[in-house]
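As a plain string of letters, each chain reads:
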Amino acid sequence: MALAMAAFVLLAFMISLAVSIGEISIPLSTTAKAVSNRLFGTDFELSRIHQGIVWDYRLSRALVAASAGASLALSGVILQALLRNPLAEPYVLGISAGASTGAVCIMILGLGYGVLGLSSGAFIGAVVAFLFVGLLAAGVGGTSERIILCGVAGSQLFNALTSYIVTTSANAEQARGVMFWLLGSMSGVRWPDVYLSGPIAITGFVICMAHVRVLDAFVFGTDAAASLGIAVRRAQIVLLGTTAFMIAAVVSIVGSIGFVGLVIPHAARFMVGPSHDRLLPASALGGAIFMVAADIVSRIIIPQQILPIGVVTALFGAPAFAIILYRARRTA
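The residue numbers shown here count from 1 along each chain, following its written sequence. The model is predicted, so local features are restricted to residues of pLDDT at least 70 and side-chain atom pairs to those at 80 or more, both for listing and for counting; the totals for chains, interfaces and linings are taken over all residues. As a rule here, side-chain values cover all heavy atoms of the structure and leave hydrogens and water aside.

Per an unreviewed UniProt entry, the chain is named Iron complex transport system permease protein, and its organism is Rhizobium miluonense. UniProt positions are given in the numbering used here, feature names are shortened, and annotations may be inferred rather than shown by experiment. According to the UniProt record, the Sequence similarities (unreviewed entry) comment for the chain reads "Belongs to the binding-protein-dependent transport system permease family. FecCD subfamily." Per UniProt, the comment on the chain under Subcellular location (unreviewed entry) is "Cell membrane".

A. Structural detail: the packing of helix α1 (residues 2-20) against helix α13 (residues 276-300). The angle between two axes is taken between their N-to-C directions and runs from 0 to 180 degrees, where each axis is a line fitted to C-alpha atoms and a helix contributes only its stretch in contact. Helix and strand labels come from DSSP, where a helix needs a run of H or I of at least four residues and a strand needs a run of E of at least two; each type is numbered from the N terminus. Where α1 contacts α13, the axes come no closer than 9 Å and their chain directions differ by 20°. The orientation of α1 relative to α13 falls into the category roughly parallel. Between α1 and α13 the crossing geometry is left-handed. In this structure, α1 contributes Ala4, Ala7, Phe8, Leu10, Leu11, Met14, Ile15, Leu17 and Ala18 to the contact, and α13 contributes Leu285, Ala288, Ile289, Val292, Ala293, Ile296 and Arg299. Looking at the contact of α1 with α13, its residues break down into 15 nonpolar, no polar and 1 charged. Orientation labels follow simple angle bins: below 35 degrees gives roughly parallel, above 145 gives roughly antiparallel, 65 to 115 gives roughly perpendicular, and whatever is left gives oblique. When the near helix sits turned anticlockwise from the far one by under a right angle, the crossing is termed left-handed; a clockwise turn instead gives a right-handed crossing. Contact criterion: two residues are considered in contact whenever any of their non-hydrogen atoms come within 4.5 Å of each other. In this count, Pro and Cys sit with the nonpolar residues alongside Ala, Val, Leu, Ile, Met, Phe, Trp and Tyr, while Asp, Glu, Lys and Arg are called charged and the others, Gly among them, polar.

B. Molecular detail of unusual backbone geometry. The phi angle at Arg84 is positive, at roughly 55°, despite the residue not being glycine. Considering the arrangement of structural elements, one finds Arg84 in the loop between α3 (48-82) and α4 (95-109). For Phe259, which is not glycine, the phi torsion reads 75° and is therefore positive. Since its relative accessible area comes to 28%, Phe259 is described here as partly exposed. Residue exposure (1.4 Å probe, protein chains only): buried if accessible area is under 20% of the type maximum, exposed if over 50%, otherwise partly exposed.

Put into structure tokens, the structure is as follows:
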């Protein structure tokens, strides 16, 4: 309980920092007044610029980062349990690649122009990729190893489609925009994205917590889960569908962001153990904190320039994962 409270306090502090830090520094007291004016109707005197920066830009960006980090970390926990593979991560099902293809169809080919936006196109592409991999996996048996192989095949297929569209139809400006989006970008995030990502992350967390016993059983294999009276196929469909929905929402809003769903679950296991009733909340909070911190770094690491957030998560995530693997080898 003490650890959970500390994590909540740290998350609140990181969100406050994310709102205060940027090209224009805003004191925490001003941030609190701006939020109070909008939420509680108070009448603190603030400049319209500060009010707009805090509420319309930075707060929504921080909340989307927290929601995306929680969704990716939860997805990593689910996949590592269902597939019984410690290297499983949210994009193993080809969803990110499908979202990328959907996004470039909107950005470059102009499909659905005037009807579908970039996020909508990416979400549709992610769902199509998940259905493709799901049907392929069902056709070849649906075992954990085959699901992973089908995910790899789906990723390669949709990545090839994305590359083909970019190289044959995009000009230099469009290609640069696509590459920036593929590396993860929160530049265009606003409150409608909060209203999408927040409820999806909360719903995913509730569904995961309702399947704690199922996830604990799946760690020992599908046969062990079935012997405990668990409807294995139904649980797989519900949990994989929840994972796909969370990942599709994240990718459609902020693009592909790696390492969060791979590193955070392992770090959480070191802190709270393998039991999913503790691992899921720890991973969700850890993912949210990590993503908000990465967003802060992406905005301040290079003056007058914003790095794609996926670059930051990879720069910090890869060494962190190497340290985790080294510690696991030493304790084995």
